[in-house]
There are 2 protein chains.
Amino acid sequence: MRLSNQLMRNTLLRTSKTRYTASSLSSSLWKRSYSIKPISASTELPALDPSKLEITKTTTPKDLTPNSQLQFGKTFTDHMLTMEWTATDGWLTPRIVPYQNLSLDPATCVFHYAFECFEGMKAYKDKDGKIRLFRPDKNMERLNKSSARIALPTFNGDSLTKLIAEFTKLESRFIPNEKGYSLYLRPTMIGTQKTIGVGPPGSALLFVIASPVGPYYPTGFKAVSLEATDYAVRAWPGGVGDKKLGANYAPCIVPQQEAASRGFQQNLWLFGEEEYVTEVGTMNLFMAIKNKETGLKELLTAPLDGTILEGVTRDTVLALARERLVPEGWVVSERKVRMSEVAEAATEGRLLEVFGSGTAAIVSPVRKISYKGQLVDCGLQENEEAGEIALRMKNWIEGIQYGEEKHPWSYVVE
Amino acid sequence: MRLSNQLMRNTLLRTSKTRYTASSLSSSLWKRSYSIKPISASTELPALDPSKLEITKTTTPKDLTPNSQLQFGKTFTDHMLTMEWTATDGWLTPRIVPYQNLSLDPATCVFHYAFECFEGMKAYKDKDGKIRLFRPDKNMERLNKSSARIALPTFNGDSLTKLIAEFTKLESRFIPNEKGYSLYLRPTMIGTQKTIGVGPPGSALLFVIASPVGPYYPTGFKAVSLEATDYAVRAWPGGVGDKKLGANYAPCIVPQQEAASRGFQQNLWLFGEEEYVTEVGTMNLFMAIKNKETGLKELLTAPLDGTILEGVTRDTVLALARERLVPEGWVVSERKVRMSEVAEAATEGRLLEVFGSGTAAIVSPVRKISYKGQLVDCGLQENEEAGEIALRMKNWIEGIQYGEEKHPWSYVVE
């Protein structure tokens, strides 16, 4: 579609009563235009209110899937949490309802213009049977950033965390009490306006669904091999690659298939002529090297320059490294690293280990990276599936997630 | 979500019976990986078959909206065309059914990862009452390119054109017979797999909805003013900005709102340090200048380098310019143009006119462009709303669309 000012203006004007103030200007030059300023919906309209939660329980509870048969994101719990928003009425009553299909007009903007963003987080059961979330404030903060970037509404993060906590309590029986198991939570926001003019959605739906999941590596770590991708670009400065938008995912599948067709489990996204290492598949990437100049051990990851996702696990790994590895003599760096530097470190025996970081796996060790026809060896012995730092990080983080280590990052659902 | 090889592998393996061949390799290095090659679904699975079309007519036909009250994309016809695809069974029976909501599991991949692409095209009624499409082959070609880029299925373009023709015949009463009016058609493809692992969708839905629309400028051309955007970037080489993906649209709204807040109807996307002129809002951009070196009149637009949409109207304008303006001494160029060159041409009185091109407006004349604090005058007199080339293009193109000029671009629905 090739639509221009008229549609945009119509759309803006349509919502002007609620989200915009429109005033014609006296200048003859701009006689046909309007001064339109976005107004934060949250300052004027009803906010998300956890105290108003209404629960409708299912009358047909599902059978639990045995732990050994759990597959990521294929089975869901009995209910879903839903919150509607409109530009005129703000956030409506939050509801927990039986898990059910969404019924949407085919003109709904989520189908046409990718008005959609999401989060991935988990609920864990500790040894006392208490439900715990892990740094939910970080997910709330990121979801608000994602949604604002595509003109979807923002919300109070603490309110959504409270609602999610209620939801996990209701679905408690779906959270396995074995360590390594958890309930994956998927908060998702979509634009629901049912007109195909391109403009800010006048209505939205925030929903949370939940899928019980097993450990990422049921039989212990398995190192993966990557293909460095230089022919396709995931993200760029001034773009939206640092936001958790649906828009960032569909375009990544074909390059992943390409890597898979050559025997690599994931692709590693390089950026620019310098071939900076950015992300691996859908995870952030960490590299442990012996620094060429200083001789010191350095844990490296790409900086938050707008081209990589602001991973919660990335932030967690960095914080733990600064607290627990720096005293051992490690240097922790967020800086741009060229793929050629990584290859050089490998050749010179200075590449100690490489791992991805993300909510699903926590850490995912890397064995080899295919780059310009060579296989860069990432420092693992042949019979070794994880390096020392990856192992320690996984233990530290799981310890906090399952409440074995007392830590403010663990949010106990009361 | 931060998911890696295991999920990807599961997804690929799950579909391996149908879309992929998987074979383990003997190399010990790759003992955990697979050689996975995409196989074109169309070579093995049932293709889209227009002869199988099944029609279920509505029992509650809608009242027609008077021509004067038509608004783009707000009212739709009585029916919709739907075609389902699965990785195991290929394209299923095409159906025309009453316009109705889509009922989708909240885990459906279109909501999470933007598996969605679309087209915009129109059906016109000529003075003999015959229905005409305009270059539908171009829309079919582009939709196939868009869908392949995000691992959605491809289809035979002629088959979909035939089905769309049948659909327009059934909805004939919604196509106004006044010139300038038309039936806007929105073919849309979405991924419908209901699991949240990131991978190629195992099922998809292609649907077409239709909205009767009036002329873009009901009372004659109205020139628009633009704000040059340098702080946000729409597309990047190696990205997907040349495909008609939903992913390209949601991220553009906030920059459009920013431009609107300062009184400009649209934003003009600049690219790179050179500030190359790329697109305007959701249209391609044409500039007519007097060339500084040659003194010749030149009609310029950005080249298809992967960062601009491959507009059907853009292609049409270029073809007509080459056929009809070149003999008059015009030079027609697809080349990168810096915004500073455009500003310089304006200052030196060499900027003759500027217009956007797209399906909705055909051409949309530009009066001013805000750039680095100055207002670049695009060559229109104060009481003039369109330049000569924009006017002639609109007349030529409409003449073909409404069958006044016989032309192979006009597809008559029999």
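Chain A is annotated in an unreviewed UniProt entry as Branched-chain-amino-acid aminotransferase from Talaromyces stipitatus. As recorded by UniProt, the Sequence similarities (unreviewed entry) comment attached to chain A reads in full: "Belongs to the class-IV pyridoxal-phosphate-dependent aminotransferase family." Turning to chain A, the UniProt annotation filed under Cofactor (unreviewed entry) states: "pyridoxal 5'-phosphate".

Q: Just to check I follow, could you spell out the interface of chain B and chain A for this structure?
A: When the parts come together, some accessible area is lost, and that loss is often what is quoted as the size of the interface. Facing 111 residues of chain B, the contacting portion of chain A comprises 110 residues. Between chain B and chain A we count 0 salt bridges in total. For the interface between chain B and chain A, the tally reads 27 residue pairs in polar contact (both at pLDDT 80 or more). Counted by class, the side of chain B that touches chain A contains 61 nonpolar, 32 polar and 18 charged residues. With 3 bridges connecting them, strand β7 (residues 102-104) of chain A and strand β7 (residues 102-104) of chain B associate as antiparallel partners. Each bridged residue has a counterpart across the sheet, and for Leu104(A) the counterpart in β7(B) is Leu102(B).

Q: Please explain the side chain of Thr58(B) as it appears in this structure.
A: All names here are of chain B. Structurally, Thr-58 can be placed in the loop between β3 (54-55) and β4 (79-86). Reaching out from Thr-58, the side chain makes a polar contact with the backbone nitrogen of Thr-60 at a distance of 3.1 Å. Once you skip the residues sitting within four places of it in the chain, Thr-58 turns out to touch Asp-78, His-79 and Pro-98.

Q: Would you mind going over the state of the cysteines with me for this structure?
A: By definition, a disulfide links the sulfur atoms of two cysteines through a covalent bond. All names here are of chain A. According to the stated counting rule, one finds 0 disulfides over all chains in the structure shown. No disulfide involves Cys-117; its sulfur sits 12 Å from that of Cys-109, the nearest cysteine. Residue classification places Cys-117 among the buried positions, given a relative accessible area of 0%.

Q: Where do I start with the packing of aromatic side chains in this structure?
A: Two measures describe an aromatic ring pair: the distance that separates the ring centres and the angle between the ring planes. Going through the model one piece at a time under the given rule, you end up with 26 aromatic pairs over all chains. Seen from their ring centres, Phe271(A) and Trp236(B) are 5.6 Å apart, and the 40° between their planes marks the pair as tilted. You can see Phe271(A) sitting in strand β14 (residues 266-271) and its partner Trp236(B) sitting in the loop between β13 (224-229) and α6 (253-261), one on each of two chains. Since its relative accessible area comes to 13%, Phe271(A) is described here as buried. Residues Phe76(B) and Tyr99(B) carry aromatic rings whose centres are separated by 5.4 Å and whose planes lie at 15° to one another, so their mutual orientation is stacked. Of this pair, Phe76(B) sits in the loop between β3 and β4 while Tyr99(B) sits in the loop between β6 (95-98) and β7; the two residues are 23 residues apart in sequence, bridging distant segments of the chain. Residue Phe76(B) is classed as buried on the basis of its relative accessible area of 7%.

What counts and what doesn't
- Residues numbered from 1 in each chain as written.
- Chains lettered and ligands numbered in written order.
- Predicted model: local features only at pLDDT ≥ 70, side-chain atom pairs only at ≥ 80, totals over all residues.
- Heavy atoms only, no water.
- UniProt positions renumbered as here; feature names shortened; annotations may be inferred.
- Contact = heavy atoms within 4.5 Å.
- Salt bridge = Lys/Arg side-chain N within 4 Å of Asp/Glu carboxyl O.
- Polar contact = N/O pair within 3.5 Å; in protein donor to acceptor, adjacent residues only side chain to side chain.
- Nonpolar A, V, L, I, M, F, W, Y, C, P; charged D, E, K, R; others polar.
- Pairing = 2+ DSSP bridges.
- Helix = DSSP H or I, 4+ residues; strand = E, 2+ residues; numbered from the N terminus.
- Disulfide = S-S within 2.5 Å.
- Buried < 20%, exposed > 50% of the residue type's maximum accessible area, 1.4 Å probe, protein only.
- Phe/Tyr/Trp six-rings, centres within 6.5 Å; stacked < 30°, edge-to-face > 60°.

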